[in-house]
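# Geometric and topological summary
Residues per chain, in single letters:
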Amino acid sequence: MGRSVEVPLLFLGPGEKGIISRIVGGFCARARLEEMGLTPGKEVELLSPNPIIVSVDGVRIALGYGIASKILVRTRRRI
Amino acid sequence: MEEKGFIRVALAGHPNSGKTSVFNRLTGSKQHTGNWPGVTVEKKEGYFSYMGYKVIVTDLPGIYGLSSAYSIDERIAKTFLTEENPDVIVVVVDSTNLDRNLYLPIQLLEMGFNLVLDLNMIDEARKFLKINSTELSRILGIPVVETAANTGEGIEDLKKKIIEAFEKRRGDKGLKIDYGRLEDEIERLWNLVGREYPRWVVIRALEEDQDVLNMIKGLENGAEIIEEIKASRDRITRKFGFDPETIIVERRFGYIKGLVRRVTERKGTEDRLALSDKIDSIVTNRILGIPIFTLVMFFTFEIVFKLGGPISELIDEAFITLSGRIPGEGPIHSLLAEGVIPGLRAVLVFLPNIALLFLVITILEDSGYMARAAFVMDKIMHTMGLHGKSSIPMILGFGCNVPAIMATRTLESEKDRILTIMVIPLMSCSARLPIYVLFSSVFFPGKEGVVLFSLYMLGIVLAVVVAKLLDTLFFKGEVAPLVMELPPYRMPNLRGVLIQTWIRTELFLRKAGMIIFSVSVLVWILGNIPFGVEYASEDSLIGKIGKSISPLLEPAGFGFWQAAVSLLFGILAKEVVVGTLGTLYGREGLREAISREFTPLSAYSFMIMSLIYIPCVATVAVIRRETNSWRWTALAISYSLLLGWILSVLVYQVGSFFNEPIN
Ligand SMILES: Nc1nc2c(ncn2[C@@H]2O[C@H](COP(=O)(O)OP(=O)(O)O)[C@@H](O)[C@H]2O)c(=O)[nH]1
């Protein structure tokens, strides 16, 4: 078992899962992300790191790097 | 039958929920398209008659909710819903994913709208899910319908439920969601605002809905309440570690989760996604993505232009025969043979290409590939300040600018759409090819390929520069970050595809056709004034115009009236440039004439001019139609004219400067 760390979604490995902890910055796309279901508490799985595709609630969402660096997720890591 | 009256219905739903299919099923061909006021987003309206009512359906843009102010689509939808106040809103949801899709209807229900919930894609949902829609209808207090828009199942029922919702209008109390730890603050603020306002006003205020905040500002002690709301937001953020928007959205999703658990039962698992993910791992692959995209574009081209070409030629020939067969002579004959028929011809020769293009695009959209293509190309297009989706119309522009501009319909953001439309004319369309072929074979024999390539590249480079420039000039600060749902791959539904193709093609015929046709007739008139001159000769009005503008072309190296007239006619259609030169130099043969009149340098500058100057009327017409603005149209015409002139002059002058010492 590793310990829980908070990292930008960008840094998840392929197939790695994390729980969204927060979306940083008061930037304008946040409302959109939240409506699309990317809210704190949701589990996301990184399907493809480059380009970024995540799975949330069984749908696939493509994200740009800018935005993926602002979504923070908690994940278990062995450090 | 006697009409009982009108019912105004708005159709809302996520992108890819099947909204378009539902809309097409409801209204059939009784629809028309326009633009939302002030913006370049497509607005579709249609109607159907049912049980004595005439039901007018407005298709709202695909949206996820009403909170995101940066999304133009959500602004449009919200403005329409609050200002036009439709009688019924049908929310189309993808029932294979209720957890996400119910967010929009729940948000609308909270605001007290009169809803019908359409559980679409029910055919797919049934494979792994049992939905108790009666129970769902009972809990939410609204009619719920199950549909499969691809086959038409449930559409009759939907119509019935729309009437039902209209006749027993729900009270506008709104759905009450328990916001848990926010309830105390909500209660307090509600008392301040006044209990006579619905509760959602307070919730929306906490979510920083600007419209609601403005409304509150206008209240008697508005300024005070606004301060209180701010204080309340700060308290919540400090206390719970999240701002109120986030907590509210989370609670809504929480409510939905509970709701879905109550009304659904899973049976088995879906395997649809596994396959879809597998396809994605190839199609969006970092290395394969772009080659696959290139291949898809290549085939699109082949289909649209190779398959459409022969049909276009047949149409063209039919028109040539037709104009040759017009009996009689005199002005009526001439108007028909030289004005009306070529005008119709200019419209109809595009038809096969356009219909095929829409067919392919619709298939690409419906299958789910379009979203991937946009995603794959996003990084490259970003360097131009454009969205990945713009790449498809731009590439199609190499075939013909007209369908390419129509293809920008698939772009959601106004900025992307306008920028793309503005630079598409720089993509050298196939109609300009004959000019390049003629001139490069006369002046650069053996090097035609290099010349051609240089012209295409010039167009692309200019597109990058112009897009960047327009972006910084007109759209400062508007950045649309990439967040895009990738719908699962689907087999496109033949009937749906055909309907959609037909609707789009017909629109082209009706709207662009009118303009193309009128300009053709106008040019004919100019070519025949004053009365009795030889058509389009030196003495005709158009010849005179050519003469008067030719001095302007002098610095570019082709300051003779024939060049000017052929370029003028080229505005009609770029194919016409070579043909016009042919007519004007009729007696001595075209190749000899141009090798006498032009030098290699002025020939190259003429080709640059042909590449860049004013898009043809058909293109101008669709630019006007698609941007819904004379200002953008005027800008497209003027920047291309100016840019074409500057570059051809530059090339000619710089070239002459370096040439002279050698001679
Ligand atoms: N299986 C199934 N497919 C559907 C249904 N409704 C729409 N589709 C398909 O889903 C895709 C997207 O539909 P469309 O109407 O374009 O969605 P929109 O983006 O919401 O307008 C198309 O391929 C449709 O044929 C349905 O009820 N069942």
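Notes on the structure follow. (Residues numbered from 1 in each chain as written. Chains lettered and ligands numbered in written order. Predicted model: local features only at pLDDT ≥ 70, side-chain atom pairs only at ≥ 80, totals over all residues. Heavy atoms only, no water.)

### So, the state of the cysteines
All names here are of chain B. The tally for this structure, following the rule as stated, stands at zero disulfides over all chains. C616 takes part in no disulfide bond, and the closest cysteine sulfur to it belongs to C429, at a distance of 6.5 Å. Since its relative accessible area comes to 11%, C616 is described here as buried. (Disulfide = S-S within 2.5 Å. Buried < 20%, exposed > 50% of the residue type's maximum accessible area, 1.4 Å probe, protein only.)

### Structural notes on the interface of chain A and chain B
Interface size is commonly expressed as the accessible surface area that is lost when the partners come together. Contacts between chain A and chain B engage 31 residues on the former and 30 residues on the latter. Summed over both sides, the interface of chain A with chain B buries roughly 2800 Å², with 60% coming from carbon and sulfur. Among the residues of chain A in contact with chain B, A:R32, A:E35 and A:R60 are the three that bury the most area, contributing 27% of the side total. At the junction of chain A with chain B, the criterion picks out one salt bridge. For B:D277, the salt bridge goes to A:R60, with nearest N and O atoms at 2.6 Å. At the junction of chain A with chain B, the criterion picks out eight residue pairs in polar contact (both at pLDDT 80 or more). (Contact = heavy atoms within 4.5 Å. Buried area = accessible area lost by both parts, 1.4 Å probe. Salt bridge = Lys/Arg side-chain N within 4 Å of Asp/Glu carboxyl O. Polar contact = N/O pair within 3.5 Å; in protein donor to acceptor, adjacent residues only side chain to side chain.)

### Observations regarding unusual backbone geometry
Residue and element names in this part refer to chain B. Of note in this structure, M51 is not a glycine but carries a positive phi near 45°. Counting through the fold element by element, M51 comes out in the loop between strand 3 (42-50) and strand 4 (53-59). Classification of M51 as partly exposed rests on a relative accessible area of 40%. Unusually for a residue other than glycine, N85 sits at a positive phi of about 45°. (Helix = DSSP H or I, 4+ residues; strand = E, 2+ residues; numbered from the N terminus.)

### Concerning the sheet that holds strand 2 (residues 17-23) of chain A
Either a parallel or an antiparallel arrangement is found when strands of a sheet pair, and the pairing is made through backbone hydrogen bonds. Taking strand neighbours across the sheet as the criterion, the seven strands line up as 1(A)-6(A)-2(A)-3(A)-4(A)-5(A)-10(B) in an open arrangement whose pairing is antiparallel. Every interior strand has two partners, whereas the edge strands, strand 1 (3-8) of chain A together with strand 10 (483-486) of chain B, have only one. In this sheet, neighbouring strand axes are inclined to one another by 40° on average, regardless of whether the strands run parallel or antiparallel. As paired strands, strand 1 of chain A and strand 6 (residues 71-77) of chain A are joined by six bridges and run antiparallel to one another. Bridge assignment links A:R3 to a residue of strand 6 of chain A, and that residue is A:R77. Contacting strand 4 (52-56) and strand 5 (59-63) of chain A together with strand 10 of chain B, helix 17 (residues 369-382) of chain B runs over the sheet at an angle of about 145° to strand 10 of chain B. (Pairing = 2+ DSSP bridges. Axes fitted to C-alpha atoms, helices over the stretch in contact; angles between N-to-C directions.)

### What about the site of the ligand?
Residues and elements named next belong to chain B. Taken together, the neighbourhood of the ligand is formed by 19 residues, with N16, T20, S21, D123 and A149 sitting nearest. In this structure, an oxygen atom belonging to the ligand sits 2.8 Å away from a main-chain N or O atom of N16. Contacts to the ligand include K19, whose backbone N or O atom sits 2.8 Å from an oxygen atom. Within the complex, the protein chains bury 89% of what would otherwise be the 580 Å² of accessible surface of the ligand. The set of elements that each furnish at least two residues to the shell around the ligand consists of helix 1 (19-27) and helix 5 (122-125). Tallied by class, the residues present in the shell around the ligand amount to four nonpolar, ten polar and five charged. (Near = heavy atom within 4 Å. Areas by Shrake-Rupley, 256 points an atom, 1.4 Å probe, with all protein chains shown as cover. Nonpolar A, V, L, I, M, F, W, Y, C, P; charged D, E, K, R; others polar.)

### Observations regarding the packing of helix 21 (residues 433-443) of chain B against helix 26 (residues 576-584) of chain B
All names here are of chain B. Between helix 21 and helix 26, whose axes approach to 7 Å, the crossing angle comes to 50°. In terms of orientation, helix 21 and helix 26 fall into the oblique class. Contacts between helix 21 and helix 26 pair P434, I435, L438 and F439 from the former with V577, V578 and L581 from the latter. (Parallel < 35°, antiparallel > 145°, perpendicular 65-115°, else oblique.)

### What about a nonpolar patch on the surface?
Residue and element names in this part refer to chain B. On the surface, F453, M457, I460, V461 and V465 cluster together into a nonpolar patch covering about 430 Å² of accessible area. Looking at the secondary structure, you find V465 in helix 22 (residues 448-474). Overall, V465 belongs to the partly exposed group, its relative accessible area being 48%. (Patch = residues over 30% accessible without salt bridge, like charges linked within 9 Å, V, L, I, M, F, W, Y side chains within 5 Å.)

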